[in-house]
Amino acid sequence: QVRLVESGGGSGQAGESLKLSCQGTGHSSAYGRTCMAWFRQAPGKERQGIATISGGSESTFYADSVKGRFTISRDNTRNTLYLQMNDLNPQDTGIYYCAIPRVCSISSDFLAWGQGTHVTVSP
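In this report, we go over the structure that sits alongside the text. (Residues numbered from 1 in each chain as written. Predicted model: local features only at pLDDT ≥ 70, side-chain atom pairs only at ≥ 80, totals over all residues. Heavy atoms only, no water.)

1. Some details on the nonpolar core
- Counting 24 residues, the largest nonpolar core has W38, F70, I72, L81, L83, M85 and Y96 as its most contacted members.
- Taken together, the elements giving at least two residues each to this core come down to strand 3 (18-25), strand 4 (36-41), strand 5 (47-53), strand 7 (70-75), strand 8 (80-85), strand 9 (94-101) and strand 11 (117-122).
- Those residues in contact with Y96 that lie beyond four places of it in its chain are E6, L20, F39, R40, I50, F70, L83, M85, G116, T117 and V119.
- In terms of nonpolar packing, the next biggest core, distinct from the first, is built from five residues, A37, F39, A99 and F110 among them. (Core = buried A, V, L, I, M, F, W, Y, C linked by side-chain atoms within 4.5 Å. Buried < 20%, exposed > 50% of the residue type's maximum accessible area, 1.4 Å probe, protein only. Helix = DSSP H or I, 4+ residues; strand = E, 2+ residues; numbered from the N terminus. Contact = heavy atoms within 4.5 Å.)

Next comes the structure, spelled out in structure tokens:
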């Protein structure tokens, strides 16, 4: 069974940076050919896909809300996904999840996802 565990969340002020990690287990040999995604859910709002990355990091896609500030990356030798978040603002507050999308799109549904890690950004 595939398991995804996020870490790296916390509290910070606007303008600061955080780096999230997602450790995957149970992928066998398939991790390197599996598209991965990050999505988040702000308080009282619907979940929003924010970034995807192809299996070999050939392509990435970002939601407009994070483009230019966030960077998605992966290390397939470690079965680990990352999200570098720079220049945080209060609108970035929410629970961040990593996931395996059915298709490599931020609008996709998910085949698996983690438990989430909380990010709180104060003004």
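2. Observations regarding the packing of aromatic side chains
- Considering all chains together, one arrives at two aromatic pairs under this definition.
- Their ring planes at 10° and their centres at 4.9 Å tell us that F39 and Y97 sit as a pair that is stacked. Taken together, the residues span a long stretch of sequence, with F39 in strand 4 and Y97 in strand 9 at a distance of 58 residues.
- Under the relative-accessibility criterion, F39 is labelled buried at 6%.
- When the centroid spacing of 4.5 Å and the interplanar angle of 15° are considered together, the rings of F39 and F110 count as stacked. Taken together, the residues F39 in strand 4 and F110 in strand 10 (residues 110-113) connect sequence positions 71 residues apart. Here the two residues F39 and F110 agree in accessibility, since each one is buried.
- An aromatic cluster is built from F39, Y97 and F110, whose rings are joined through pairwise contacts. (Phe/Tyr/Trp six-rings, centres within 6.5 Å; stacked < 30°, edge-to-face > 60°.)

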